Amino acid sequence: MSEQSNNQTPEMPTPDVKQNRSSIDDIIELYKRDVDRTLLRENLKLTVEQRFEQVMNMQIFVEEAHRARKLRNAK
Amino acid sequence: MITDFKLYFETLVHHEVEFVIIGGAAATAHGSARVTYDLDIVYRRTADNIKRLVEALSAHQPYLRGAPPGLPFRFDEETVKRGLNFTLVTKLGAIDLLGEVAGGGIYEDIIGSLVIKEFFGYQLQCLSLEKLIATKRAAGRPKDFEVIAELESLIEESH
């Protein structure tokens, strides 16, 4: 073993910012492309109460749709 | 079955239950466009609060969600003390009671990551967007990737 290799610290590679990201972060970035930001901006204009009322109305709509499908399938 | 968030909040507040809104309901409060079908809360696991929680929900016939009917389930203090997290359905709809949430911890752990939001006439504790994202990441489910993407987009849109 040479004297040089005993005394020198191996040179550390320059940190790559990407090394701080996991593949999950990359996956989430891909999903973000499909987020409807127009819808989010509209939602942010609503009060919190209005947002919950919207969710409950959607629940009613989905339940009605399921009921209609069951009726249709029963015929 | 429809989950009546307003009635749930009224019931819990009326009985002075200490809780934090998390999950889809918290996301809704922050502006999420996704539909959520249940109320998720982290409840404080002191003896007094468990008593108040049981008193709040008992009148609404809590039962194990998805379980076959007729099981000898009793929603009482002993059941809650011996358990931790409960996936329930009541006359008010679906509710998940969490004594501990992955990526967040127990009530005392998340109390520093709250946002107070006023709605339905009450000041209610909601998990912050950032902490909500952390809990979703900790859950590690692929189905949460869409949710996390939307929540991160909400943070970006809010600035």
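Just so it is clear, the model here is predicted, and its values are computed rather than measured.

Counting across every chain of the model gives 9 aromatic pairs over all chains. Considering the side-chain rings of B:Phe9 and B:Phe119, the 5.3 Å spacing of their centres and the 85° angle between planes classify their relative orientation as edge-to-face. With a gap of 110 residues between them, B:Phe9 in helix α1 (residues 5–14) and B:Phe119 in strand β8 (residues 114–119) connect regions that are remote in the sequence. Comparing B:Phe9 with B:Phe119 shows no difference in burial state: the two are buried. Every member of this aromatic cluster is reached through a ring pair, and the members are A:Phe52, B:Phe5, B:Phe9, B:Phe119 and B:Phe120.

What follows covers the interface of chain A and chain B. With 26 residues of chain A at the contact, the number on the chain B side is 35 residues. Overall, the association of chain A and chain B removes approximately 2700 Å² of surface from exposure, summing both partners, and the carbon and sulfur fraction of that is 67%. Three residues, A:Leu40, A:Phe52 and A:Gln59, lead the burial of chain A against chain B; their summed loss comes to 24% of the area buried on that side. The interface formed by chain A and chain B includes 6 salt bridges. Here A:Arg37 makes a salt bridge to B:Glu156, at a shortest N to O gap of 2.6 Å. For the pair chain A and chain B, the number of links is 14 residue pairs in polar contact (both at pLDDT 80 or more). Elements supplying a minimum of two residues to the side of chain A that touches chain B: α2 (23–32), α3 (37–45) and α4 (48–74) of chain A. Top contributing element to the side of chain A that touches chain B by residue count: α4(A), with 12 residues.

Attention now goes to the pattern of salt bridges. A full pass over the atoms with the stated rule returns 22 salt bridges over all chains. With a shortest N-O distance of 2.7 Å, B:Glu156 and A:Lys32 are connected by a salt bridge. Taken together, the residues span two chains, with B:Glu156 in helix α7 (residues 144–158) and A:Lys32 in helix α2. Using a relative accessible area of 40% as the deciding quantity, one classes B:Glu156 as partly exposed. Residue A:Lys32 is classed as buried on the basis of its relative accessible area, which comes to 10%. Where B:Arg141 meets B:Asp144, a salt bridge forms, and the shortest distance between an N and an O atom there is 2.9 Å.

Every other side chain in a regular strand lies on the same face of the sheet, so the side chains alternate between the two faces. Residues and elements named next belong to chain B. As defined by bridge partners, β8 adjoins strand β9 (residues 122–127) across 6 bridges and the pair is classed as antiparallel. For Glu118, the partnering residue across the bridge sits in β9 and is Gln123. The turn linking β8 back onto β9 is made up of 2 residues, and Phe120 within it adopts a positive phi angle of 55°.

Turning our eyes to something else, we now look at the packing of α2(A) against α7(B). Running from amino to carboxyl end, α2(A) crosses α7(B) at an angle of 70°, the nearest separation of the two axes being 8 Å. Relative to α7(B), the element α2(A) lies roughly perpendicular. Side by side, α2(A) and α7(B) meet where A:Ile24, A:Ile27, A:Ile28, A:Glu29, A:Tyr31 and A:Lys32 of the first sit next to B:Phe145, B:Glu146, B:Ile148, B:Ala149, B:Glu152, B:Ser153 and B:Glu156 of the second. Of the residues that constitute the contact of α2(A) with α7(B), the class distribution is 7 nonpolar, 1 polar and 5 charged.

Scoring rules and cut-offs
Residues numbered from 1 in each chain as written. Chains lettered and ligands numbered in written order. Predicted model: local features only at pLDDT ≥ 70, side-chain atom pairs only at ≥ 80, totals over all residues. Heavy atoms only, no water. Phe/Tyr/Trp six-rings, centres within 6.5 Å; stacked < 30°, edge-to-face > 60°. Helix = DSSP H or I, 4+ residues; strand = E, 2+ residues; numbered from the N terminus. Buried < 20%, exposed > 50% of the residue type's maximum accessible area, 1.4 Å probe, protein only. Contact = heavy atoms within 4.5 Å. Buried area = accessible area lost by both parts, 1.4 Å probe. Salt bridge = Lys/Arg side-chain N within 4 Å of Asp/Glu carboxyl O. Polar contact = N/O pair within 3.5 Å; in protein donor to acceptor, adjacent residues only side chain to side chain. Pairing = 2+ DSSP bridges. Axes fitted to C-alpha atoms, helices over the stretch in contact; angles between N-to-C directions. Parallel < 35°, antiparallel > 145°, perpendicular 65-115°, else oblique. Nonpolar A, V, L, I, M, F, W, Y, C, P; charged D, E, K, R; others polar.

Purely spatial values, then, with no claim about function.
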